[in-house]
Amino acid sequence: MRFGLTILPEHPWPTAVSLWRETEAMGFDHGWTFDHVTWGGLPDSPWFAALPTLAAVAATTERLTLGTFVTSPNNHHPVQLMREVLALHDISGGRFLLGLGTGGDLDSRAMGDDLTLRNRVDRFHEFTDLLDRLLSGDHVDADGEYYRARDVRTLPGPVRGAEPVGVPFLVAANGPRSIRLAATRGDGWLTYGGPADTGEQWWSLVEQAAGRVTDALAAAGRTGDFPRYLNIDAGPTFTLTSVDAFEDAVGRAADLGFTDVITHWPRAEGPFAGRREVLEHVASEVLPRWRSTPGAGAGATSPDAGSAR
């Protein structure tokens, strides 16, 4: 089992850099930030862009894998995003995970879109396909319903040393179409489960989605490790409310085959209201114990394990 911690991009950099460095020092495997124009949970908060933030984090950390939670077509064009992804891949030394999703209503409205949810899903699939092509080829042309590209140069492409590599795509999906996209084009799956009134209802949604991913992987002929990331704070209970709540969530996620769980840095007040002492206890006691437990999680060993790209 691997563990991630999300830091909302609400802090000025002198404050934020300390949180990111502490996340690495505490032993978390990956760190995340939200990629929105405005997040509905804190619409009146200061808010900073995800990709420049992660570039700064990459330059001030050494080990921590870094991810967007999640990047969407609402506020990114694939051609420009390709350049930003290549920069983050280079600055981080290959530690970047690109979380991709359809995106929410608030950002869509902010950007002047009036697309239906179905159309936004259509756009997301076209967005992902074009971005994949841009990160794996050169002289890219496209003439789609939502995006056009003309002889786009993409050099140098993502490389590690002198060898070309893929930037891992983690596809956020709950519905059947995007789950199929995750299974066929993704290097991993992200989920928040879905809206629910109770914890048991939420875990039922997570279990159903996990089953659909298993079926979609089988249908796609995907074998071997396939990383599965769960936002364990998306249910009604913030898991860092207590150590017991966190351990219970991790255990249930492991039973459902998740390889990675993601929580959030506790805030003084909601959302994600909690105590730093709980985070510190989890980092010092709970994470090492889970890592030493045989069979905990499905156990993919690297960010790009099971790559379809």
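Because the structure is a prediction, the values reported are computed rather than measured.

Before going further, it helps to examine the overall build of the chain. The secondary structure content of the chain amounts to 9 helices and 12 strands. At 18 Å, the chain has a C-alpha radius of gyration in line with the 19 Å of a compact globule built from 309 residues. C-alpha extents for the chain along the principal axes are approximately 55 × 45 × 45 Å. Relative to its 309 residues, the chain shows a buried fraction of 51%. Here the analysis covers contacts within the chain between residues at least 6 apart in sequence; of these, 75% occur between residues at least 24 apart. Total accessible area computed for the chain in this model is approximately 13300 Å², and 52% of it derives from carbon and sulfur atoms.

Here the focus is the layout of surface pockets. Approximately 1100 Å³ is the volume found for the largest pocket. Contributing to the lining of the largest pocket are 39 residues, with Val70, Gly103, Gly104, Asn174 and Tyr192 lying nearest its centre. The set of elements that each furnish at least two residues to the lining of the largest pocket consists of α4 (105–110), α5 (117–134), α6 (176–185) and β10 (188–191). Ranked by residue count, the leading element in the lining of the largest pocket is α5, at 4 residues. Split into classes, the residues belonging to the lining of the largest pocket amount to 15 nonpolar, 18 polar and 6 charged. Contributing to the lining of the second largest pocket are 13 residues, with Gly199, Trp203, Thr237, Thr239 and Asp248 lying nearest its centre. Listing elements by their share of the lining of the second largest pocket, those giving two or more residues are α7 (199–220) and α8 (243–255). For the lining of the second largest pocket, a count of residues per class yields 6 nonpolar, 4 polar and 3 charged.

Applying the stated criterion to the full structure yields 15 salt bridges. For Asp122, the salt bridge identified is with Arg177, shortest N-O distance 2.7 Å. Here Asp122, found in helix α5, pairs with Arg177, found in helix α6; they are 55 residues apart in sequence, far enough to count as distant. Salt-bridge contacts for Glu247 lead to Arg289; the nearest nitrogen and oxygen are separated by 2.6 Å. In this pair, Glu247 is assigned in helix α8 and Arg289 in helix α9 (residues 276–291), connecting sequence segments 42 residues apart. Look at Glu247 and you get partly exposed, because its relative accessible area is 23%.

Another aspect to go through is the sheet that holds strand β9 (residues 169–172). Strand order in this closed barrel of 8 strands is β1-β2-β3-β4-β9-β10-β11-β12, and the pairing throughout is parallel. Strand-to-strand twist across the sheet, computed as the mean angle between neighbouring axes with direction ignored, equals 25°. Two strands pair when backbone bridges link them, and β9 and β10 are joined in this way by 3 bridges, in the parallel orientation. In the sheet register, Leu170 faces β10, and the bridge partner there is Gly188. Relative to β9, α6 is tilted by about 165°, and along the sheet it contacts β9 and β10.

Counting residues in hydrophobic clusters, the biggest one holds 87 residues, and the most contacted among them are Phe3, Phe28, Leu131, Trp189 and Phe246. Excluding anything up to four places from it in sequence, Phe246 contacts Phe3, Ile232, Thr239, Leu240, Thr263, Val282, Val286 and Leu287.

To continue, consider the side chain of Glu10. Here Glu10 shows up in the loop between β1 (2–6) and α1 (13–25). In this structure Glu10 comes out as buried when scored by relative accessible area, which is 12%. At 2.8 Å, the side chain of Glu10 forms a polar contact with the side chain of Arg267.

Thresholds, definitions, all that
Residues numbered from 1 in each chain as written. Predicted model: local features only at pLDDT ≥ 70, side-chain atom pairs only at ≥ 80, totals over all residues. Heavy atoms only, no water. Helix = DSSP H or I, 4+ residues; strand = E, 2+ residues; numbered from the N terminus. Rg over C-alpha atoms; globule rule 2.2 N^0.38 Å. Buried < 20%, exposed > 50% of the residue type's maximum accessible area, 1.4 Å probe, protein only. Contact = heavy atoms within 4.5 Å. Areas by Shrake-Rupley, 256 points an atom, 1.4 Å probe, with all protein chains shown as cover. 1 Å grid on protein atoms, 1.4 Å probe; cavity = no way out; pocket = protein on both sides within 12 Å on 5 of 7 lines; lining within 4 Å. Points joined across faces, edges and corners; volume = space filled by probe spheres on them. Nonpolar A, V, L, I, M, F, W, Y, C, P; charged D, E, K, R; others polar. Salt bridge = Lys/Arg side-chain N within 4 Å of Asp/Glu carboxyl O. Pairing = 2+ DSSP bridges. Axes fitted to C-alpha atoms, helices over the stretch in contact; angles between N-to-C directions. Core = buried A, V, L, I, M, F, W, Y, C linked by side-chain atoms within 4.5 Å. Polar contact = N/O pair within 3.5 Å; in protein donor to acceptor, adjacent residues only side chain to side chain.

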